[in-house]
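Breakdown of the fold
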Amino acid sequence: MIDVVLCASGSDEVRIVHDLAVDRGRTARVVRRCADLAETLAVVSAGIGDVVLLDVSVRGLGREPLATLLRDAAVVGLRDERAGEQTTLGLRHVVPASAPIEEILAALVAATDSGDEATDWVQEASDATSGTGSDGRLVVVWGPGGAPGRTTVAVNLAAEAAAGGREATLVDADTYGPSLSQVLGVLDEAPGLVAACRAHDRDTLDEETLDSLLPLVQPGLRLLSGIGVPARWAEVRSSSLDGVWQALARRGGLVVADVGAVLEEDEELSYDTAAPQRNAAALSAVAAADAVIAVTSADPVSITRLLRDHARLEELGEGELHLVVNRVGPPISGDQVRELLRGRLEPTSLHLLPDDPVACRTAIWDGALLAESAPRSPLRRALRELALSPAVLGASLAPVEPDR
Ligand SMILES: Nc1ncnc2c1ncn2[C@@H]1O[C@H](COP(=O)(O)OP(=O)(O)O)[C@@H](O)[C@H]1O
Ligand SMILES: [Mg+2]
């Protein structure tokens, strides 16, 4: 006997309950009728039911809650044929809500027989989004706490790469201090990352939808804005973010992500794998990255923090690690910085950026790029050179002769 948790709309619910009750074969019985998704999740997580028979248009349904349900039960989707085209979120077993009870029973049996569906479903969902042509290069600009210059570096690297002829997309994935819209002087601050995650969760993040979330802010430079107010961090979840990185990579070109400093798992929540994590954006970005650019300030506090976090960085991602030591200037020389790092950290490449407060202050007050507000500044020149180097563009994209 299959125990069914039912979450269906009005008349379908009444009919299915009735038809299952009079089913002679006693193949399945409804053990719980749920009014909404929240109740369904609670019932299933309490261990009730073998299969959830679920209206796929129930409010709030997306990949996350579906993955949660699939951890504890099989799921059969009920599709409303009157509602036009509907996503079924990659569910393997879906029947029309108005189907004869024999058809629904067959789907219930098939779903309970099909073994480790959760794993298969997650795998299929990620296969479906990963496609074949992941041509893009994801460069994640991270740095330890204390504002070492992550945003300054991320914005200007992406802009310089775009000015150098590469299609570039900047992503504000800092869930503590999103700031790219403001730094770039974009007035309409739509929470792009939240919208992209939501679309992925609902299985609607196709090329066109993604493009509509990426306004052109400079020729060749697009922006996926951040979460707007930091309080919205819970709306960007790990599994959705993974899908967003894949979708961005499929578009091709260079993707530069500005992420927050904290790379810890939210430990007190980790007993609950479905709970949102504040650091999910940084963690998933580093895990998906082709290269991480670690930005530290040229001072002992910042460098000590970097050395402390370095192991965590390696644990998370296997891509290249490029180190940028920012704000180098008297009385500290580049040689002193190199000496300090020698033997402690061996990045794929090491780059020094000069301290240039006037150029930075002018750019930030103008809501402009260094290339616009301080084109001749030493900092802008150094960032331009870095932007056109293999660290940012990758060995295959970088010009053979950097055009200085
Ligand atoms: N090379 C530099 N020289 C002088 N000031 C800098 C430099 N890089 C960044 N800054 C300034 O430091 C502050 C923090 O930079 P920001 O890029 O916002 O850091 P983060 O994103 O790491 O918090 C900003 O006021 C910025 O203008
Ligand atoms: Mg920042």
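Residues numbered from 1 in each chain as written. Chains lettered and ligands numbered in written order. Predicted model: local features only at pLDDT ≥ 70, side-chain atom pairs only at ≥ 80, totals over all residues. Heavy atoms only, no water.

Cis rather than trans, the peptide bond between P330 and P331 has omega equal to 5°. With respect to the secondary-structure elements, P331 resides in the loop between β12 (320-328) and α13 (334-341). The backbone phi angle of A147 is positive, close to 50°, even though this residue is not glycine. Secondary-structure assignment places A147 in the loop between β6 (137-142) and α6 (150-163). Despite not being glycine, R327 shows a phi value in the positive range, around 65°. Following the sequence through the fold, R327 ends up in strand β12. (Helix = DSSP H or I, 4+ residues; strand = E, 2+ residues; numbered from the N terminus.)

Next up on the list: the pairing of strand β11 (residues 291-297). Of all seven residues in β11, seven are buried; the element is thus mostly enclosed. Where burial is concerned, the two faces of β11 agree: the one with A291, I293, V295 and S297 and the one with V292, A294 and T296 are both buried. Strand direction decides the pairing type here: β6 and β11, joined by four bridges, are parallel. For V139, the partnering residue across the bridge sits in β11 and is A291. In this structure, β11 lies alongside β12, joined through seven bridges in parallel fashion. Among the inter-strand pairings, T296 is bridged to a residue of β12, identified as V325. Crossover connection from β11 via helix α12 (residues 300-316) to parallel β12: handedness right-handed. (Buried < 20%, exposed > 50% of the residue type's maximum accessible area, 1.4 Å probe, protein only. Pairing = 2+ DSSP bridges. Right-handed = clockwise from strand over helix to strand, strands pointing away.)

Let us now look at the side chain of S297. Within the element layout of this structure, S297 appears in strand β11. For S297, a relative accessible area of 11% corresponds to the buried category. Residues within four places of S297 in sequence aside, it is in contact with P148, S302, I303, V325, N326 and R327. (Contact = heavy atoms within 4.5 Å.)

Tracing the sequence through the fold places L54 in strand β3 (residues 51-55). Distance from L54 to L393, taken between C-alpha atoms, is 46 Å for residues 339 residues apart in sequence. Excluding its chain neighbours within four sequence positions, the residues that come into contact with L54 are C7, L61, L66, L69, V75, V76, G77 and L78.

So, about the site of ligand 1. Taken together, 14 residues are adjacent to ligand 1, and R150, T151, T152, N326 and D356 come closest. Contacts to ligand 1 include N326, whose side-chain N or O atom sits 2.8 Å from a nitrogen atom. With respect to ligand 1, the backbone of D356 contributes an N or O atom lying 2.8 Å from a nitrogen atom. Contributing elements (two or more residues each) for the shell around ligand 1: α6, β12 and α14 (357-366). The element contributing the most residues to the shell around ligand 1 is α6, with three residues. Per-class residue counts for the shell around ligand 1 are six nonpolar, four polar and four charged. (Near = heavy atom within 4 Å. Polar contact = N/O pair within 3.5 Å; in protein donor to acceptor, adjacent residues only side chain to side chain. Nonpolar A, V, L, I, M, F, W, Y, C, P; charged D, E, K, R; others polar.)

The strand order β8-β9-β7-β10-β6-β11-β12-β13 describes an open sheet built from eight strands, whose pairing is mixed. Sheet topology places β8 (216-218) and β13 (349-354) at the edges, where each strand pairs with a single neighbour. For this sheet, the mean inter-axis angle between neighbouring strands, taken without regard to orientation, is 25°. Strand direction decides the pairing type here: strand β7 (residues 168-173) and strand β9 (residues 221-224), joined by four bridges, are parallel. Of the residues in β9, the one forming a bridge with A168 is L221. Against the sheet, α6 engages β6, β7, β9, β10 (254-259), β11 and β13, with an angle of about 170° to β10. (Axes fitted to C-alpha atoms, helices over the stretch in contact; angles between N-to-C directions.)

Now for the packing of aromatic side chains. One pass over the structure, following the stated rule, counts zero aromatic pairs. One residue, R278, lies across the ring of Y176, its end atom 4.3 Å from the ring centre. (Phe/Tyr/Trp six-rings, centres within 6.5 Å; stacked < 30°, edge-to-face > 60°. Lys NZ or Arg CZ within 6 Å of the ring centre and 35° of its normal.)

Further remarks concern the confidence of the model for the protein. Mean pLDDT over the protein: 89, with 91% of residues reaching 70 or higher. pLDDT under 50 marks residues 128-133. Its contacts with residues more than four places away, or in other chains, come to nine contacts. (pLDDT = per-residue confidence, 0-100.)

Taken domain by domain, the protein holds domain 1 (2-128) and domain 2 (133-397). The C-alpha-based centres of domain 1 and domain 2 are spaced at 40 Å. Contact with domain 1, which involves eleven residues of that partner, is made by eleven residues of domain 2. When the two sides are added together, the surface that domain 1 and domain 2 hide from each other amounts to roughly 850 Å², 38% of it contributed by carbon and sulfur. Here domain 1 is connected to domain 2 by two salt bridges. (Domains from an automatic or database assignment. Buried area = accessible area lost by both parts, 1.4 Å probe. Salt bridge = Lys/Arg side-chain N within 4 Å of Asp/Glu carboxyl O.)

The five strands lie next to each other as β2-β1-β3-β4-β5, forming an open sheet whose pairing is parallel. At either end of the open sheet lies a strand with only one pairing partner, and these are β2 (28-33) and β5 (94-96). On average, adjacent strands in this sheet sit at an angle of 30° to one another, irrespective of strand direction. Sheet topology places strand β1 (residues 2-7) next to β2; five bridges connect them, and they run parallel. Residue pairing for β2: V5 is matched across the bridge by R32. Sitting on the sheet, helix α1 (residues 10-21) touches β1, β2, β3 and β4 (74-79), and the angle it makes with β2 is about 140°.

On to the environment of L210, then. Its location among the elements puts L210 in helix α9 (residues 207-212). Setting aside residues up to four positions removed in sequence, L210 forms contacts with L205, A247, L248 and R251.

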